[in-house]
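Structure assessment
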Amino acid sequence: MIPELGNFALALACALAFAQAVIGIWGAHRRDVRLMAATPGLAVGQLLALAASAGALVWASVSNDFSVINVAENSAIAKPLLYKISGTWGNHEGSILLWGLILGICGGLVSVFGRNLPSALRARVLGVLGGTSAGFLLFCLTTSNPFFRDFPPPVDGRGMNPLLQDPGLAFHPPILYMGYVGFAVPFAFAVAALLEGRIDAAWGRWVRPWALVSWCFLTCGIALGSWWAYYELGWGGYWFWDPVENASLMPWLTGTALVHSSIVVEKRESLKIWTVLLAIGTFSLSLSGTFLVRSGILNSVHAFANDPARGVFILALLGLVIGGSLLLFALRAPLLRSGGIFAPVSREGALVLNNILLCSICAVVIAGTMTPPFADLLFGQKISVGAPYFNLTVLPLAIPVFIAMAVGPLLPWKRGRLWPLVEHAWWAALIAALVGGVCAFGMKLLPALAFGAAAWLIIGSFAEVFERTLLFRAPVANSVRRARGLPVAVLGAAIAHAGMGVTVAGIAGTSLDSNKIVEAKVGDSFSVGGYQWILLGLDDAPGPNYRARVASIEVLKDGRPLAMMKPERRMFTLQQQTTSDVAIRTNLFRDLYAVLGDERDGKAVLRLHVNPLAPWIWLGALIMAAGGALSLADRRLRVGAPSRAPKAALPA
Amino acid sequence: MIARRRLMLLAPLAVAAAGGAAFWAMLTRMQDGKFDPHDIGNPMLGKHIPDFDLPGVAPSQGFSSKELIAAAQTQPILLNFFASWCIPCASEAGTLDELQKLGGVPIWGIAYKDAPEKSAKFLDQYGNPYARIGADMSGDVFINFGLYGVPENFVINRKGIIAWHIAGPLSDDLVEQQMMPAIAKAKA
Amino acid sequence: MSNTFILRPRPGSIPAMAGKKTSFGSFFQKRTLLICVFLLVSASAWAISDPREMLPDPKQEARAEAIGSQLRCLVCQNESIEDSGAPLAGDLRAKVREQIKAGRTDAQIMAWMVARYGNFVRLKPPLTPATFLLYATPVLGLLAGGLAAYIGRGWQAATPAPLTEAEQAKLAELTRPHA
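As for unusual backbone geometry
The omega torsion of the bond from Phe-151 of chain A to Pro-152 of chain A falls at -5 degrees, within 30 degrees of zero and hence cis. By secondary structure assignment, the location of Pro-152 of chain A is in the loop between helix H6 (119–143) and helix H7 (167–182). The peptide bond linking Val-150 of chain B to Pro-151 of chain B adopts the cis configuration, its omega dihedral lying at 0 degrees. Turning to its location among the elements, Pro-151 of chain B is positioned in the loop between helix H5 (140–144) and strand E4 (152–156). Even without a glycine there, the phi angle at Asn-64 of chain A is positive, about 55 degrees. Inspection of the secondary structure puts Asn-64 of chain A in the loop between helix H2 (33–62) and helix H3 (69–74). Phi is positive for Lys-414 of chain A, close to 75 degrees, though the residue is something other than glycine. With respect to the secondary-structure elements, Lys-414 of chain A resides in the loop between helix H14 (387–407) and helix H15 (419–442).

Below, the structure is given as structure tokens:
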């Protein structure tokens, strides 16, 4: 019964979305006050229906209702409760429903928080969101419906891929999708602005927080995915430039450019066309990414196995949404009149450079990901593009970005000079050069360079803060007072940029890892990375739906016991699959990493790593997201249009 | 200046449209089977087979590449790589059996990394359509032929050239629609 | 009932059974092939390379690892042969080390691999007309962006045209201080 209600709620949501789209756009076009006022209600209704639908699917999974095919294929009675819940979005149909749900949440939030928006703009934004939702929900209903049922129901389900039964991967999709789908709101704002034919500073003030929130979620989602690969897959790596990973990186790059570009629209009413294009582009990349990984075009182990027929539907949807918005852009963009003029050397100029560099990096990632299928289609050649290519091409583009990240905020608006930058940031450059130089003695050139860049970023990002608070140049009390008056966004930006530096340091550190692969019997001891590792025992450890072998390894430093690590190998009987549970001990400066492999003749193959600064990779991402979130707290971003004071009577 | 601007504004749409057209072409061809991103191809196709000399698997004696080419002089030979631990190999056993009964295409097999008893058991269970079977214990022949999994099937013509290849098990449809035409061409 | 446990039929699979929507098209079989090898691989190990396979000479071993990290594991396909636990990856690693010991150069070893597996096995594709755009992308991206910025500069609000005579007269009229 409940799955049927879920299916009905999904259909209802789709109908409401269509209504929202039509009424919103038409109402705004005709300036019909009642129609425009009706749109938020429809958006909230759509959200409630979607929530009910998602709830029904979760209920079916938790209550072991195997008459629902989706549950039978992906769940099992023995599956732990957490994964029964999170497993609803761990498959194609459920994840499409999740997409739709988050799109509905975005619409609901715009309705609730957008009461101060001009009604035409709000109606158009909701209309565009509704249209996108309608397409997606139609796709879900017709080709990827999670509520299809089968009778008689099987006694037990097929269980979920053991790799997915993991807390990290359970939460990776929702967080990632909140990022992907969140960019639908800036997209809707961009299309609404094109429909209206105007953009003003208030529009920038609206788009920036939405873009920032989505960006924060996307950063966390990508970091979570990378962290999961690190601790689950057991090869000590965290990013392979795999097509599916790249599909999440592309909108992140343009989303970063969007976050920065919208600042210029807000403050200077300039770069409007760039910003609109970036908003359309970011969401287009999210949508295309979703399409690509489900279509079977990309050759990746991560990709959902799907048949091309579904791909055709999504392609049509993409054609409408992306093609439509880009056509609108081509026709209406000239109407967006820019306000401020600026010199090439200025903060606006630096942000244009930022846009160009980030978009170039995005173009490189797109090229690397799409070349294999295109080469096959156009030339019949079978090639593949992997990490060596990306490392070669992204690095030269990233270096100017790093340089600009620290000194860009120091430039004034409209017109500036380069010399003051040197004046204000020379000390950071000096420290960075020192760090790089010192490192170069102990390691290869590339990691040393990376450490120098990291130092530059971490210290240099605060250059603007130091300038504004006149740190070390005015009495401390003055500096403190200035610091208290500093706009929170300035601090947020500094923290976010420094976070990037932390990540770069983590990447550099991890490239210097020491590792050893050994065949050990109980009692053997090894020296890896300056630590002593002793295998104390190999035992059996059964789990809820698997059998496991556990190795007990003690790690000592200079004779002092430091940690007891217990890597496992889990054999999932139902799916006939084995996964490894890596044991990681971290002190936030280095990771001890142990993997248990095959056992042969009483000896176990162990892989032991010491990864310096590995935790900084994800810590840096967290810091970036925190900086972004802090910026949101800036009072200036609170989007309330000031309420009109009652007009005093004019003097006669 | 206006024209240049307009052109620039159309550029994103043009790029997206080109991409969309390409994806549509890929999807439709995937449905027709003319485009398969997962098929990584085999550069040995159209080239001479590598040299090898393999011991036999009971009940058959092994063979060398020279013997294979000699036997291919009369008609093209189907070379099938299999293993006892491989599930799709079991599923294609039926097709291979049929093929052998029909006659016309001799089937020679290479067992990849299989203990001889295990291969023998596999042949007992699923039938033995092979005229000759070689045992590739080290996996060198597997690599030299450019395989990356089992089963894979090759058609060798009288010049010792690989005339056709499929990285996967044979099915009745595949035999009818792809292998037989390839063999006919190889005979010509 | 048993249908729910079998891999769902995928209509229009690859290569197509022309006109037939059969359940087990080649796509299923190819997938199963890969999954099969993968599963059997993981049944033996989600594994790690054997310490015994490393070369005794550290310089040679470093060279082997450098070459290996440029080669894609064909079974797992998103790992290099150095990182992958598949048996084929182990065999290919052994082949690389064997050839290094025999004194072949990096280019020769790479060519040996490509002769058997095609350019797909290279993680960094060779520069050919097909991949020319791929390698040119960083420069092209910068150029395109720079061009866009340059053309777009003229987009900023043009200063309004100077006032005509009539408009100037009207302005003088409006701003004339009233008596």
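We are not done yet, so read on.
Some remarks on the environment of Pro-154 of chain A
Here Pro-154 of chain A is to be found in the loop between H6 and H7. Between the C-alpha atom of Pro-154 of chain A and that of Ala-72 of chain A, which follows or precedes it by 82 residues, the distance is 7.3 Å.

Some points on the sheet that holds strand E3 (residues 132–136) of chain B
All names here are of chain B. Reading across from one edge, E3-E2-E1-E4-E5 is the order of the five strands in this open sheet, with mixed pairing throughout. Because the sheet does not close on itself, it has two edges, and the strands there are E3 and strand E5 (162–166). Recorded for the sheet is a direction-independent mean angle of 20 degrees between the axes of neighbouring strands. With four bridges connecting them, E4 and E5 associate as antiparallel partners. Directly across from Val-155, in E5, lies its bridge partner Trp-164. Strand contacts of helix H6 (residues 172–187): strand E1 (77–82), E4 and E5, with the helix running at about 170 degrees to E5, the strand carrying the most contacts.

A short note on the state of the cysteines
One way to say it: the disulfide is the covalent bond shared by the sulfur atoms of two cysteines. Residues and elements named next belong to chain A. If you walk through the whole model with that rule in mind, you get one disulfide over all chains. Summary of cysteine pairing: Cys-362 is not part of a disulfide, and the nearest cysteine sulfur, belonging to Cys-359, is at 6.6 Å. Judged by relative accessible area, Cys-362 falls into the buried class, the value being 3%.

Things to note about the domain arrangement of chain A
Residues and elements named next belong to chain A. Per the domain assignment, the segments of chain A are domain 1 (1–160), domain 2 (183–386), domain 3 (391–512 + 621–625) and domain 4 (514–614). Taking only C-alpha atoms, the centre of domain 1 and the centre of domain 4 are 43 Å apart. Between domain 1 and domain 4, the contact holds eight residues from the first and four residues from the second. Contact between domain 1 and domain 4 buries roughly 340 Å² in total, counting both sides, with carbon and sulfur atoms accounting for 54%. Seen at the junction of domain 1 and domain 4, the total is zero salt bridges. Viewed at the interface, domain 4 and domain 1 are joined by zero residue pairs in polar contact (both at pLDDT 80 or more). The residue makeup of the side of domain 1 that touches domain 4, split by class, is four nonpolar, two polar and two charged.

Procedures and definitions
- Residues numbered from 1 in each chain as written.
- Chains lettered and ligands numbered in written order.
- Predicted model: local features only at pLDDT ≥ 70, side-chain atom pairs only at ≥ 80, totals over all residues.
- Heavy atoms only, no water.
- Helix = DSSP H or I, 4+ residues; strand = E, 2+ residues; numbered from the N terminus.
- Pairing = 2+ DSSP bridges.
- Axes fitted to C-alpha atoms, helices over the stretch in contact; angles between N-to-C directions.
- Contact = heavy atoms within 4.5 Å.
- Disulfide = S-S within 2.5 Å.
- Buried < 20%, exposed > 50% of the residue type's maximum accessible area, 1.4 Å probe, protein only.
- Domains from an automatic or database assignment.
- Buried area = accessible area lost by both parts, 1.4 Å probe.
- Salt bridge = Lys/Arg side-chain N within 4 Å of Asp/Glu carboxyl O.
- Polar contact = N/O pair within 3.5 Å; in protein donor to acceptor, adjacent residues only side chain to side chain.
- Nonpolar A, V, L, I, M, F, W, Y, C, P; charged D, E, K, R; others polar.

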